[in-house]
Each structure stands twice: as C-alpha cells, then as structure tokens.
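# Architecture and fold: a report
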Amino acid sequence: MDPDAVAKAFVEHYYTTFDANRAGLANLYQDGSMLTFEGQKIQGSQSIVAKLTSLPFQQCQHSITTVDCQPSGAGGMLVFVSGTLQLAGEQHALKFSQRTEFFIS
Amino acid sequence: MEEQIDSVGKAFVDHYYHLFDNDRAAMSSLYQPTSMLTFEGQKLQGVEDIITKLTQLPFDQCRHVISTVDSQPASVTGGIVVFVSGSLQLPGENHPLQFSQMFHLSPTPQGNFFVLNDIFRLNY
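Residues numbered from 1 in each chain as written. Chains lettered and ligands numbered in written order. Predicted model: local features only at pLDDT ≥ 70, side-chain atom pairs only at ≥ 80, totals over all residues. Heavy atoms only, no water.

Going by what an unreviewed UniProt entry lists, chain B is known as NTF2 domain-containing protein and is assigned to Gossypium barbadense. Per UniProt, chain B has the following entry under Subunit (unreviewed entry): "Interacts with RAN1." (UniProt positions renumbered as here; feature names shortened; annotations may be inferred.)

Written out as structure tokens, the structure is:
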C-alpha cells in the first residue's frame, strides 16, 4: 500500500478518535511509546492516555492542513502534521504541529 | 540518558541552523545518500538534490530564531527525533515567517549523527 495513503489513513483515524473518544487512543500506544506534549514528557500508553483525557476541554475538533510522511528506517514511518484545533467556546482556532513515528506490526 | 538526548538534540539544532544561516552549501556534511527532505511538500532524496534545493531557495540571506526544541530517542534505530519550531527572518521582509521542522538523526559508525529524515513546513 502507498506509504502516503497509509500515513493519511493513520492521521484521519488518530484525530477522529481524539475528537470523538479520546480514551480510544489507548490502542495506538504501547509501553515504549513517548509523548512530549507542549514540553511535558510522558511515557507508556496509560500515562499518555491519562494526559490526553485530562486536557482541560471536553470537546475539540482538529482540522488537518498538511500531512508529510517519510520512512524512518527499520519499518517505521514518520508523519508530520500541521493544522488547527477548535475548542468549544473559543473564538479563534489554535494552530498546532505534531510529529509521530509509528510501526505497523 | 534523557538529558543526553536533549543536549544532543539542542547541539544539533544549533549547528544545523548556524550552517543554514551562514554557509548553506556546507550542510552537505549533515546528509547522506539515504537522507530524505520534504520541504513544503516537495520530496527530495540524497545529498546532492537536498543541497541543491537548499542553496537555490529564493533568498541569499536568512536568520532562523528557534523557539522550541523537543527531542525523543528513536528507540528502534538508536537515533534521535527532534522537533523544532521557530521563525525565519528574510532581509527586506517586515514579518518573520513561522516554521516547524522535524529531524530524525541516525547514528554513524564514527559516533556522530546524520540527518536521515528532514521535514520542513511553514506555519501560516
């Protein structure tokens, strides 16, 4: 399957899950996973999902502007995303960038 | 171990943008034939194509100002992934451009790192 298509499908799945059911992100991470969120470093699926589900908003909507991917060697894929995050009640959307590396097992 | 990753990431970032802002052609030392650059969506591979792209950007001078540097170990390859955000000042432009850039540094046999993956995006 085309790597760009795989990356795009992953990104859509990630943000759809984030926006609809944040706890469902747990199966995207493993014990060795790391998240650095606005400078805060977190490791492991449990801690990562705890951080994401405790963010100070109930609802959010990500709009994805760009998705870039490259193979990272050893069967992994690096994905670099930029977009905006709309929070309920906020007038202006927040801009964000996120990079992730995932492995298909 | 964590501090080592952070300090290698930061040292690399300082070196990368120093070369970029002062001697772009010298950046060839940072890449190898397997290196990939995606620059504003355009995909390039290998030292020659990457350096050609960077030295042909439509400005002679520029200055990167780095706001944030985040590093993580890339456990499978033994490398480091570095995520940078900052601004790019071009001469004659009133406002700096905001950018984000992501590097995957891979270890060399000599104990250094080279840039295996490089993705650059302006943030509008």
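After that view of the structure, there is still more to cover.
Turning next to the side chain of B:N117. Tracing the chain through its elements places B:N117 in strand 6 (residues 113-123). Judged by its relative accessible area of 0%, B:N117 is buried. What B:N117 contacts, discounting residues up to four positions off in sequence, is A:Q70, A:P71, A:S72, A:L78, B:M36, B:M102, B:F103 and B:H104. (Helix = DSSP H or I, 4+ residues; strand = E, 2+ residues; numbered from the N terminus. Buried < 20%, exposed > 50% of the residue type's maximum accessible area, 1.4 Å probe, protein only. Contact = heavy atoms within 4.5 Å.)

It is worth spelling out the sheet that holds strand 4 (residues 79-89) of chain B at this point. Residue and element names in this part refer to chain B. Spatial ordering of the open sheet is given by 2-1-6-5-4-3, a layout of 6 strands whose pairing is mixed. Since the sheet does not close on itself, it has two edges, and those belong to strand 2 (42-45) and strand 3 (63-74), each with one partner. Pairwise comparison of adjacent strand axes, ignoring direction, gives a mean angle of 15 degrees for this sheet. Here 4 bridges tie strand 1 (residues 36-39) to strand 2, and the two strands are oriented antiparallel to one another. Pairing of M36 across the sheet is with Q45, part of strand 2. Strands strand 1 and strand 2 of the sheet are contacted by helix 2 (residues 47-55), whose axis makes an angle of about 130 degrees with strand 2. (Pairing = 2+ DSSP bridges. Axes fitted to C-alpha atoms, helices over the stretch in contact; angles between N-to-C directions.)

Let's shift gears to the pairing of strand 4 of chain B. Residues and elements named next belong to chain B. Most of strand 4 sits inside the fold, with 9 of its 11 residues counted as buried. Pairing geometry for strand 4 and strand 5 (residues 97-107), over 9 bridges, is antiparallel. Bridging from a neighbouring strand, V84 pairs with Q101 of strand 5.

Taken together, the contact between chain A and chain B spans 23 residues of the former and 27 residues of the latter. Where chain A abuts chain B, roughly 2100 Å² becomes buried across the two surfaces, and 55% of that area is made up of carbon and sulfur atoms. When the buried area of chain A at its contact with chain B is split by residue, A:Q70, A:F80 and A:R99 rank highest and sum to 30% of it. The interface formed by chain A and chain B holds 3 salt bridges in total. (Buried area = accessible area lost by both parts, 1.4 Å probe. Salt bridge = Lys/Arg side-chain N within 4 Å of Asp/Glu carboxyl O.)

Residue and element names in this part refer to chain B. Tracing the backbone shows C62 in the loop between helix 2 and strand 3. With relative accessibility at 9%, the residue C62 sits in the buried group. A sequence separation of 26 residues divides C62 from M36, and the C-alpha atoms of the two residues are 22 Å apart. Beyond its immediate chain neighbours, meaning those up to four positions away, C62 contacts F20, D21, L88, Q89 and L90.

Looking now at the nonpolar core. Of all hydrophobic cores here, the largest spans 30 residues; its most connected members are B:Y16, B:M27, B:Y31, B:L54 and B:F103. Residue assignment for this core shows that the elements contributing at least two residues are helix 1 (2-22), strand 1, helix 2, strand 4, strand 5 and strand 6 of chain B. Dropping the residues within four chain positions of it, B:L54 is found in contact with B:Y16, B:F20, B:R24, B:M27, B:Y31, B:L37 and B:F39. Ranked by size, the runner-up nonpolar core spans 24 residues in total, among them A:I48, A:C69, A:L85 and A:F102. (Core = buried A, V, L, I, M, F, W, Y, C linked by side-chain atoms within 4.5 Å.)

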